[in-house]
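So the chains spell out like this:
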Amino acid sequence: MFKKMLKPGITAGVIGGIVSIVLSVLLVLALLLPGQVGVTLYCLSSPIGLLLSLGIGLLAAFLAQRQSLEKLTADKTAPAGVIAGVVSTLIGIVAVPFTQQMPKWLGLQDRLIEVALLPSRMMGLSGEQLEMARTQIIAAQQGRLNNTTMLAGMATGLVCGLVAGIALGAGGAALGALIFKPSLRRKLVCEKCQAAFELGGNAFIEVKGEGAPDLVDYCNWQDLTPDAASQQQAIIAETIKTKGQGRQWQCGMCKTVQAY
Ligand SMILES: [Zn+2]
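The present account deals with the structure reproduced in this document. Bear in mind that the values here come from a model prediction, so they are computed numbers and not experimental data.

1. As for the packing of helix H1 (residues 2-30) against helix H4 (residues 74-105)
Right, on to step 1. At their nearest, the axes of H1 and H4 sit 6 Å apart, and the two run at 25 degrees to each other. Relative to H4, H1 is oriented roughly parallel. Read as a crossing pair, H1 and H4 show a hand that is right-handed.
Right, on to step 2. In the contact of H1 with H4, the residues fall into 21 nonpolar, ten polar and one charged.

This is the structure in structure tokens:
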């Protein structure tokens, strides 16, 4: 099961990682906006990042469900979310040195100080107190140039990012299991007796071989051995993909042969 979650997890992680890089570049560019608008937007980066991590998990669950005939439960999609969280965090980390330098290249250091001052402003500090806070922030920023502190900061960021990415990715993927339904299933209704078969749901296909129609009948998936079940899934997926082209099926109830 875990192996099956690898592809949707990595795909969602790569997409999420790229989106998070684009987003962090856009947020820095938002600082170019005049007044408090840009500063406020920049401050929203944390909640936006959290929502993005959750969205990456949802995407992983969607991709996992799309490739599966059976309805996936939260414990099955969660691993895909974990993988997506790890991959997107690692991709996002690569861009951190770049997005950290960006304000400097764009001459936006003063705006970053405004961002750091926003909480103090919101608390309604007086002009004098604000000036003191500003001095402290500038001192702290210069202190950060120290390499050891910067590395320690990045390591902490990586660990925190991974933990948050994994937790939110798994949560999003578990949530996705409640939302997404298998799209590979197909309903077949017998033209004569109106028996409704749902391939992959309550019914399966028995391939009778060259020239003979496939038998479609009700089955209990729980009764199939894991091997037989995965073989059945492959047959159904193939039939759905080719739309049963040129083949016929026989109703398991009234034995009527008909086109797919
Ligand atoms: Zn029938």
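2. Quick look at the coordination of the zinc ion
Ideal donor angles around a metal are set by the shape: a four-donor tetrahedron calls for 109.5 degrees, a six-donor octahedron for 90 or 180 degrees.
Right, on to step 1. Looking at the metal site, the zinc ion is ligated by Cys190 (SG), Cys193 (SG), Cys251 (SG) and Cys254 (SG), spaced 2.3 Å from it.
Right, on to step 2. One can describe the donor arrangement at the zinc ion as tetrahedral, given that its four donor atoms subtend angles of 103 to 114 degrees at the metal.
Right, on to step 3. Positions of the donor residues of the zinc ion, expressed as sequence spacing, correspond to C-x2-C-x57-C-x2-C. Of this pair, cysteine 193 sits in the loop between strand E1 (186-189) and strand E2 (196-199) while cysteine 254 sits in the loop between strand E5 (248-251) and strand E6 (257-259); the two residues are 61 residues apart in sequence, bridging distant segments of the chain.

3. Topic: the packing of helix H2 (residues 35-43) against helix H3 (residues 45-66)
Right, on to step 1. Packing of H2 against H3 leaves a shortest axis separation of 5 Å and a crossing angle of 40 degrees. The angle between the axes of H2 and H3 places the two elements in the oblique class. Where H2 abuts H3, its residues Leu41, Tyr42 and Cys43 lie against Ser45, Ser46 and Pro47.
Right, on to step 2. Residue composition of the contact of H2 with H3, grouped by class: four nonpolar, two polar and no charged.

4. Side note on the nonpolar core
A general trend in soluble globular proteins is that nonpolar side chains are found buried together.
Right, on to step 1. Judged by nonpolar contacts, the single largest core of 18 residues is most densely connected at Leu188, Phe197, Leu199, Val216, Ile236 and Trp249.
Right, on to step 2. Counting only elements with at least two residues in this core, the list comes to E2, strand E3 (203-206), helix H8 (226-242) and E5.
Right, on to step 3. In this view, leucine 199 contacts Arg185, Arg186, Leu188, Ile205, Val216 and Ile236; residues no more than four positions away in its chain are not counted.
Right, on to step 4. Residues Ile56, Leu63, Ala64 and Leu72 belong to the second largest nonpolar core, which totals ten residues.

5. Here's the deal with H1
Right, on to step 1. Its 29 residues place the ends of H1 40 Å apart at the C-alpha level, agreeing with the 42 Å of an ideal helix rising 1.5 Å per residue.
Right, on to step 2. At its buried positions, H1 is contacted by H2, H3 and H4.

6. A look at a nonpolar patch on the surface
Right, on to step 1. On the surface, a cluster of nonpolar side chains totalling about 1100 Å² of accessible area is made up of Phe2, Leu6, Ile10, Val14, Ile18, Val22, Leu26, Leu29, Leu32, Phe98, Trp105 and Leu106.
Right, on to step 2. At the level of secondary structure, the elements contributing two or more residues to the nonpolar patch comprise H1 and H4.
Right, on to step 3. A total of eight residues in the nonpolar patch trace back to one element, the largest contributor, which is H1.
Right, on to step 4. Secondary-structure assignment places leucine 32 in the loop between H1 and H2.

7. Some remarks on the packing of aromatic side chains
The description of an aromatic ring pair uses the distance of the two centres, along with the angle that the planes make with each other.
Right, on to step 1. Enumeration according to the criterion identifies five aromatic pairs in this entry.
Right, on to step 2. The structure contains a cluster of three or more aromatic residues connected by ring pairs, namely Phe197, Tyr218, Trp249 and Tyr260.

8. Describing the pattern of salt bridges
Once their charged atoms are close, side chains differing in charge can pair, the charge on each being opposite to the other.
Right, on to step 1. Counted by the stated rule, this structure contains three salt bridges.
Right, on to step 2. Between glutamate 131 and arginine 134 there is a salt bridge, with its nearest N and O atoms 3.4 Å apart. One end of the pair, glutamate 131, and the other, arginine 134, are both in helix H6 (residues 127-143), three residues apart, so they sit about a helical turn from each other.
Right, on to step 3. The exposure class assigned to arginine 134 is partly exposed, which follows from its relative accessible area of 23%.
Right, on to step 4. A salt bridge links glutamate 206 to lysine 208, with the nearest nitrogen and oxygen atoms 3.3 Å apart.
Right, on to step 5. By relative accessible area, glutamate 206 is classed as partly exposed at 34%.
Right, on to step 6. Note on lysine 208: relative accessible area 46%, which makes it partly exposed.

Rules of the game
- Every residue gets a number counted from 1 within its own chain, in the order that chain's sequence is written.
- Selection of residues for local features in this predicted model requires a pLDDT of at least 70, selection of side-chain atom pairs for listing and counting requires 80 or more, and totals for whole chains, interfaces and linings are taken over all residues.
- Excluding hydrogens and water, the side-chain values take into account all heavy atoms of the structure.
- Structural elements are reduced to axes, namely lines fitted to C-alpha atoms, with helices fitted over the stretch in contact, and the angle between N-to-C directions of any two is expressed from 0 to 180 degrees.
- Secondary structure elements follow DSSP: runs of H or I of four or more residues count as helices, runs of E of two or more count as strands, with numbering from the N terminus.
- Should an angle lie under 35 degrees it is considered roughly parallel, over 145 roughly antiparallel, and from 65 to 115 roughly perpendicular; all remaining angles are considered oblique.
- In a left-handed crossing the near helix is turned counterclockwise from the far helix by less than a right angle, and in a right-handed crossing that turn is clockwise.
- The nonpolar class holds Ala, Val, Leu, Ile, Met, Phe, Trp, Tyr, Cys and Pro. Asp, Glu, Lys and Arg form the charged class, and all remaining residues, Gly among them, are polar.
- Ligating atoms shown are N, O and S within 2.8 Å of the metal, or 3.2 Å for Na, K and Ca, and water is not included, meaning a site may look less than complete.
- Sites are called tetrahedral only when four donors show all angles between 85 and 135 degrees, square planar or octahedral only when four or six donors show opposite pairs over 155 degrees and all other angles between 65 and 115, and irregular in any remaining case.
- The contact criterion used throughout is that any non-hydrogen atoms of two residues lie within 4.5 Å.
- Grouping buried Ala, Val, Leu, Ile, Met, Phe, Trp, Tyr and Cys residues that are joined through side-chain atoms within 4.5 Å yields what is termed a nonpolar core.
- Relative accessibility under 20% of the residue-type maximum defines a buried residue, over 50% an exposed one, and the middle range a partly exposed one, all with a 1.4 Å probe and only protein chains included.
- Given the number of residues in a helix, its expected span is that number minus one, multiplied by 1.5 Å.
- Two distance rules govern patches: like charges are joined within 9 Å, and nonpolar side chains (Val, Leu, Ile, Met, Phe, Trp, Tyr) within 5 Å, applied only to residues with over 30% relative accessible area and no salt bridge.
- Only the protein chains shown count as covering a residue, and every accessible area follows the Shrake-Rupley method with a 1.4 Å probe.
- In what follows, salt bridge is the name for a side-chain nitrogen of Lys or Arg lying within 4 Å of a carboxyl oxygen of Asp or Glu.
- Think of it this way: a Phe, Tyr or Trp ring, Trp meaning its six-membered ring, pairs with another when their centres are within 6.5 Å, and the plane angle makes it stacked under 30 degrees, edge-to-face over 60, tilted otherwise.

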